[in-house]
Amino acid sequence: MEEFLYEIENLSIRPRKRLLRGGKGHHRGSGFGNSMDFYGHRQYTVGDDIKKVDWKAYLRTEDFYVKEFIEDKQLNVNIILDNSKSMDFGNPKKWEISKMISLGIGYITLKQMDILNVFTINDGIDCVLDNIKGKDSIYKLIEVLSKIEPKGKTDFTQIWNLESIKPGITFIISDFFGDSLDSFMDYLYLQRNEIISIHILDILEIQPEFEEELKLIDMETKDVRRVKIDRNVREKYLKKIHDFIEKCKNICEAREAFHVFALTNTSPKEILARSLGGV
């Protein structure tokens, strides 16, 4: 874990749009403040701080102007982590890769002095960390992630049970094996979030090792089905999983999400770097 955190030390999370609210931090806001990032001039009005008067401009124009600067803002970073039972599959498991990516996002957020919120979703949705900040909070994040176990099935409509989610950058990490992904993404989009969707699958889910007969067990519902495998079944499966991956991508990108697809045999560092490249 320490090696992973060292590898991502130089990564950063940056918003694509000006932030609308928040305390002082390291990102451009929509208001004006006292940062050193110069924005422009406006004419002096009664009540303005006299220290902000540009006296050089006065000498040129004989009018009073004040300097304005872009106000630094803190960024809200939300992580929604799929902890349904289907994530407990793969080599390495999708769940372990997803937890490591979540740890990386959280570490970068806290190092930047931004605000971190973490949610888990399966057949319910829980806020497991709310409004934490400061680099020392990484130990709380590690502790919380270590106690979460995959269980239940994925119900994306659970997102609507949240009263609200803080506007900012929201990462969703999931295999997307669940209904109503479009409704889930609509909620995040309507909450004015910049969305990064990280779709994690195992290599065996897109290139299975077919045998003549398979006993298939749904990890979430425990339903069992025996299937005889022939060339026709192989082709149907490969087409179906390809269509599923494309459908998830299209749903996310239609809500202006930056979408990343990755397999579990990809390093968490690479997945994280690709995800942040779109922010």
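Here's a quick rundown of the structure. Quantities reported herein were computed from a predicted structural model and do not represent experimental measurements.

Here we take up the packing of helix α3 (residues 94-111) against helix α4 (residues 138-147). As a packed pair, α3 and α4 sit with axes 10 Å apart at the nearest point and diverge in direction by 160 degrees. The angle between α3 and α4 places the two elements in the roughly antiparallel class. Here the hand of the crossing between α3 and α4 comes out right-handed. Between α3, through K99, S102, L103, G106, Y107 and L110, and α4, the contact on the second element is made entirely by I138, L141, I142, L145 and S146. Grouping the amino acids of the contact of α3 with α4 by side-chain chemistry returns seven nonpolar, three polar and one charged.

The computed volume of the largest pocket comes to approximately 1700 Å³. Forming the boundary of the largest pocket are 36 residues, of which F177, L216, I217, D218 and Y237 lie nearest the centre. Mapped by element, the contributors of at least two residues to the lining of the largest pocket are β6 (154-155), β8 (178-179), α6 (203-206), β10 (213-217), β11 (224-228) and α7 (231-254). Element by element, the count of residues in the lining of the largest pocket is highest for α7, at six residues.

Conventions and cut-offs
Residues numbered from 1 in each chain as written. Predicted model: local features only at pLDDT ≥ 70, side-chain atom pairs only at ≥ 80, totals over all residues. Heavy atoms only, no water. Axes fitted to C-alpha atoms, helices over the stretch in contact; angles between N-to-C directions. Helix = DSSP H or I, 4+ residues; strand = E, 2+ residues; numbered from the N terminus. Parallel < 35°, antiparallel > 145°, perpendicular 65-115°, else oblique. Left-handed = near helix turned anticlockwise from the far one by under 90°. Contact = heavy atoms within 4.5 Å. Nonpolar A, V, L, I, M, F, W, Y, C, P; charged D, E, K, R; others polar. 1 Å grid on protein atoms, 1.4 Å probe; cavity = no way out; pocket = protein on both sides within 12 Å on 5 of 7 lines; lining within 4 Å. Points joined across faces, edges and corners; volume = space filled by probe spheres on them.

It is worth stressing that arrangement in space is one thing and function is another; only the former is reported here.
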